[in-house]
Amino acid sequence: MKRERAIDAAGVSFTYEEGTKALKNVDFWADRGQFVAMLASNGSGKTTLIKVLVGLLKPQEGRVLVGGRELSAIGAKGLYQEVGLVFQNPDDQLFGATVEEDVAFGPRNLGLEEAEVSARGAESLSAVNALELRKRAVHHLSFGEKKRVALAGVLSMHPSTLILDEPTTALDPEGRERFFTTLGDLNRRKAVTIIMITHDIGTIGQHASRLLYLDRRLIFFGGFDDFCLSTDMTDYFGEHSQHLICHRHDK
């Protein structure tokens, strides 16, 4: 049976005003409940693709469907409840004085009753193992704690899809493992679709079901078996890095 697609982008091209061609005829999709890892270097168009997927940029060519609907037909309020974006730097996302206030911001702006706002805040903080931080001032949090609270703020909107821009950057090994465990739980237990940009090749094989490699155009998009057998990917990544990804996936 064909699975429903959470996000479906076809033929997407985007060129900035100064002439930089960021995306060239990119096809990308994620089925409901999938965990997709996007591997890309700086200048590859990954940030542009994210902005296109969440409606921050409109492509000159191609189209993007979210839950089977055109972005233009959903509207900002509906889109925020469908797709949640977690930035690489949590300081770009946190602006409440306390953790509790920050996590409540989104649901409160939806016009929800305070009881529902409070319930969503507690639920989302619990999901990222940060409920004990709810009364803390945001500026007193560690970097890893800020990462978890930023994710909780997005989860409080109850999105069915999460897009994360290098969420484990600057985290220590324990923090990375904790973050990946949280994402894995959301994906497996709540069927949240995960689309994650990452350079953490040593860990993605344990969690992602599909891989995308972007370099302004789509270089590879498929499952791990195809990736591990691809000589093109050996050329791009090097034999050692490809083996590391595939070895972790086999475990």
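Just above, that's the structure.
Presented here is an overview of the structure given in this document. What you see is a predicted model; the values in this text were computed from it and never measured. (Residues numbered from 1 in each chain as written. Predicted model: local features only at pLDDT ≥ 70, side-chain atom pairs only at ≥ 80, totals over all residues. Heavy atoms only, no water.)

### Overview of the packing of aromatic side chains
Heads up, the condition is: Stacked, tilted and edge-to-face are the three classes applied to pairs of Phe, Tyr and Trp rings, where Trp contributes its six-membered ring and a pair requires centres within 6.5 Å; stacked means planes under 30 degrees apart, edge-to-face means over 60, and tilted covers the rest. Any Lys NZ or Arg CZ found within 6 Å of a ring centre and within 35 degrees of that ring's normal is scored as a charge over the ring.
Under the definition given, this model contains 4 aromatic pairs. An aromatic cluster of at least three residues, connected via ring pairs, comprises F28, W29 and F221. Residue placement shows R210 over the ring face of F221; its charged tip is 4.5 Å from the ring centre.

### Looking at the environment of F35
Formally: Strands here mean DSSP runs of E at least two residues long; helices mean DSSP runs of H or I at least four residues long; both are numbered from the N terminus. Type-normalised accessible area, obtained with a 1.4 Å probe on protein chains alone, sets the label of each residue: buried when under 20%, exposed when over 50%, and partly exposed for intermediate values. Contact criterion: two residues are considered in contact whenever any of their non-hydrogen atoms come within 4.5 Å of each other.
One can find F35 in strand β3 (residues 35-40). Exposure remark for F35: the relative accessible area of 2% places this residue in the buried category. On a C-alpha basis, the gap between F35 and V54 in space is 17 Å, while along the polypeptide they are 19 residues apart. Among all residues touching F35, those that are not within four sequence positions of it are L183, N187, I194, M196, H207, A208, S209 and R210.

### Here we look at the sheet that holds strand β10 (residues 218-223)
Quick reminder of the rule: Strand pairing follows a simple DSSP-based rule, namely that at least 2 bridges must link the two strands. To get an axis, a line is fitted to the C-alpha atoms, and for a helix only the part in contact is used. The angle between two axes follows their N-to-C directions and goes from 0 to 180 degrees.
Strands sit in the order β6-β7-β8-β3-β9-β10 across an open sheet of 6 strands; the sheet is mixed. Edge strands, defined here as strands with exactly one partner in the open sheet, are β6 (83-86) and β10. With strand direction ignored, the average angle separating the axes of adjacent strands in the sheet is 15°. When strand β9 (residues 210-214) meets β10, the two strands line up antiparallel, connected through 5 bridges. Note on β10: the bridge partner recorded for Y213 is F220. Against the sheet, helix α1 (residues 46-53) makes contact with β3, β6, β7 (161-165), β8 (193-197) and β9, and its axis sits at roughly 155° relative to β7, the strand it touches most.

### Some details on the pairing of strand β1 (residues 5-15)
Counting buried positions along β1 gives 8 out of 11 residues, so the element sits mostly inside the fold. Bridging between β1 and strand β4 (residues 61-66) involves 5 bridges; their strand directions are antiparallel. Bridged to S13 within β4 is E61.

### Focus on the packing of helix α6 (residues 143-155) against helix α7 (residues 173-190)
Using the following cut-off: Here is the rule for angles: anything less than 35 degrees is roughly parallel, anything more than 145 is roughly antiparallel, 65 through 115 is roughly perpendicular, and the remaining ranges are oblique. By convention the crossing between two helices is left-handed if the near helix lies anticlockwise of the far one by an angle smaller than a right angle, and right-handed if it lies clockwise. For this classification, the nonpolar set comprises Ala, Val, Leu, Ile, Met, Phe, Trp, Tyr, Cys and Pro, the charged set comprises Asp, Glu, Lys and Arg, and every other residue, Gly included, is treated as polar.
In contact at an axis separation of 11 Å, α6 and α7 are set at 15° when each is read in the N-to-C sense. One way to sum up the angle between α6 and α7 is to call them roughly parallel. When you trace α6 past α7, the crossing you get is right-handed. Of α7, the residues touching α6 (which contributes K147, R148, L151 and L155) are R178, F179, T182, L183 and L186. Split by residue class, the contact of α6 with α7 holds 5 nonpolar, 1 polar and 3 charged.

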